[in-house]
Structures are given as C-alpha cells and as structure tokens.
Amino acid sequence: MALIFKALWICLILQFAGCAIDLSIDTEWGLVKTNETGFYTEKWYRNPDIKESKMLGSSTSDYGAAAEKKRHQYIIKYFDNEGKEIPQKDLRKIKSSRKFWRSYLTREQYMESKKRNFERNLKNFVFSDDNMTEEELKNIRSDFSRTRVSWTRAEYIKNAQKSIKVDDWEDDPNQFYYIKDKDGEFIKKSHISVAHLSYIVVPIKQCFGNGWCEVYPSRREHQTTFYVKESALLDFEVK
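Rules and cut-offs
- Residues numbered from 1 in each chain as written.
- Predicted model: local features only at pLDDT ≥ 70, side-chain atom pairs only at ≥ 80, totals over all residues.
- Heavy atoms only, no water.
- Phe/Tyr/Trp six-rings, centres within 6.5 Å; stacked < 30°, edge-to-face > 60°.
- Lys NZ or Arg CZ within 6 Å of the ring centre and 35° of its normal.
- Disulfide = S-S within 2.5 Å.
- Buried < 20%, exposed > 50% of the residue type's maximum accessible area, 1.4 Å probe, protein only.
- Axes fitted to C-alpha atoms, helices over the stretch in contact; angles between N-to-C directions.
- Helix = DSSP H or I, 4+ residues; strand = E, 2+ residues; numbered from the N terminus.
- Parallel < 35°, antiparallel > 145°, perpendicular 65-115°, else oblique.
- Contact = heavy atoms within 4.5 Å.
- Salt bridge = Lys/Arg side-chain N within 4 Å of Asp/Glu carboxyl O.

Novice: Report on the packing of aromatic side chains, specifying residues and quantitative values.
Specialist: Under the counting rule described, the total for this entry stands at 19 aromatic pairs. Here the aromatic cluster, defined as three or more aromatic residues joined through ring pairs, consists of Trp 101, Tyr 110, Trp 169, Phe 176, Tyr 178, Phe 186, Phe 208, Trp 212 and Tyr 227. Sitting over the ring of Phe 79, Lys 43 keeps its end group 5.0 Å from the ring centre. The ring centre of Phe 236 lies 5.8 Å from the NZ or CZ of Lys 93, which sits over that ring.

Next comes the structure, spelled out in structure tokens:
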C-alpha cells in the first residue's frame, strides 16, 4: 500500500511539473477495418450501440462483398491523404457498374482479347479429366507456365464460351476519373467501377458549374488533378 501511495504522489508531482503522461493519445480504439484507395482512406469502427458490431477477420464473411453487407453495423469515417477527416459535405457517391475497361484497348480489341485468353488457357490449363502418364504429370509439375485446375475440359469450354459473349466493356462516361490534356480537354484516366461494390465513395474538393468536379488529391499522383462528371454524383447518406 505504501508503494502505491508513493507512486501516486510522484504522479501528482509530475503533473504539477508539467510532465504528466498524456493518456488521451488517440489509439483509434474500435478500429476494425481500413481500406486504402487512391483518394482517401476508409476506416471502420465498432459501433457501441449495435451488438453485431464486432471485430472482423474471423471468417470469410468479413472480407470483400460479404463484408460490405455489414457496413450498417459500423461507424465509417473517411480521411484524406494527409490524415485529416473528410467533411461529410464533401463525400459523394458514384454508382459502380461492376464492368471493366482497359485504356489501351478499343471495345473490339477487348472482346478479341477475351477469345485469345480462352485459346491460351486451353493450352496452358491441366484439366481434372486430362489423361496423363506419371512422366507427363511430373513434367507439368515442374513447368510453371502450366496451371492445374479443378474443372473438366468440357466444363471450362462451356463456361468460358459464355463469358466470351458477355460485353463487359465499359463506355459509360460517368464511370471514369478524368484529367486534362495539354489543350485543356478532359480525357479518361482511370476506371471508377469495382467488381464487388454497388457504389464508390468519391471525395469532392469543388464543382465548377460547367458539369465537372475536382476530386481530392491522389496519393499516387499528387501533382495530377483528377475530375469526375457532376452528373455522375449521387448523395452520400450515412446509414
């Protein structure tokens, strides 16, 4: 007891001397998930008012599309690339078409590339029903260009041919981040859509009244100014 009293007395002395330990340091208690994007960091915190708001990572339902279904159970905050919390008034949403886009391919080239990938996979995949000798299997195991898959050849051909016919090229102008070229014209820079998300949160720095809005600075290309079409923006609602 005497030792405890002595320790408390020392702490009081340190406080009056201006040397007290700061116990208010933000340790981000309750932080369960962090998502890094090019324009902000999204952090999920446990909501003390919701029983189901628990730590994540214990099951497959805590990741990807399954985790997104639990968003309403958490307090979610957004921070810019300097670590400052982004005001809610600057947060907007853009729908995610869940399609794909390649800046270096036209739609026709993209669809043709899907066919070439299918033909290449037919040669490189080792299917579950392939009849091979032990020697052939041994050679395949040492060949890193070959991939063993659980499908039968017929199953792969059937599913791949369906995929080849799907036009998942994205040409919706609202689904892109833009930059300006040397002549001041807006050109597509990167695709906004993400496969497992129904919408993308976008932090808007300002809108100009000409149909374009400037996005918060990018982490990877901080000297480049990015824009989105104002027509793409939806309201941001906190559930």
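Novice: Mind laying out the state of the cysteines, listing which residues take part and the relevant values?
Specialist: For the coordinates displayed, the defined rule picks out one disulfide. Disulfide partner of Cys 207: Cys 213, at an S-S distance of 2.0 Å. Between Cys 207 and Cys 213 the sulfur-sulfur dihedral comes to about 100°; the bridge is accordingly right-handed. Taking relative accessible area as the criterion, Cys 207 reaches 34% and is therefore assigned partly exposed. Classification of Cys 213 as buried rests on a relative accessible area of 0%.

Novice: Which residues make up the packing of helix 3 (residues 107-124) against helix 5 (residues 153-164), and what are the values?
Specialist: Two numbers describe how helix 3 lies on helix 5: the axes approach to 10 Å, and their chain directions differ by 175°. One finds that helix 3 runs roughly antiparallel with respect to helix 5. Taking contact as the criterion, the partners of Met 111, Lys 114, Lys 115, Asn 117, Phe 118, Asn 121 and Leu 122 in helix 3 are, on helix 5, Arg 153, Tyr 156, Ile 157, Ala 160, Gln 161, Ser 163 and Ile 164.

Novice: So what's going on with the pattern of salt bridges? Residues and values would help.
Specialist: Taken as a whole and assessed by the stated rule, the structure comprises twelve salt bridges. Two residues, Glu 42 and Arg 71, come together in a salt bridge whose shortest N-O distance is 3.4 Å. Of this pair, Glu 42 sits in strand 2 (residues 41-46) while Arg 71 is found in the loop between helix 2 (64-68) and strand 3 (74-79), placing the two residues 29 residues apart along the sequence. Each member of the pair, Glu 42 together with Arg 71, is buried. Lys 189 is paired through a salt bridge with Glu 221; the nearest N and O atoms lie 3.5 Å apart. With Lys 189 in strand 8 (residues 186-191) and Glu 221 in the loop between strand 10 (212-215) and strand 11 (227-229), this pair connects stretches of sequence that are 32 residues apart. Among the residues examined, Lys 189 registers a relative accessible area of 34% and is labelled partly exposed. Here the salt bridges share partners, and the residues they tie into one network are Glu 42, Glu 68 and Arg 71.

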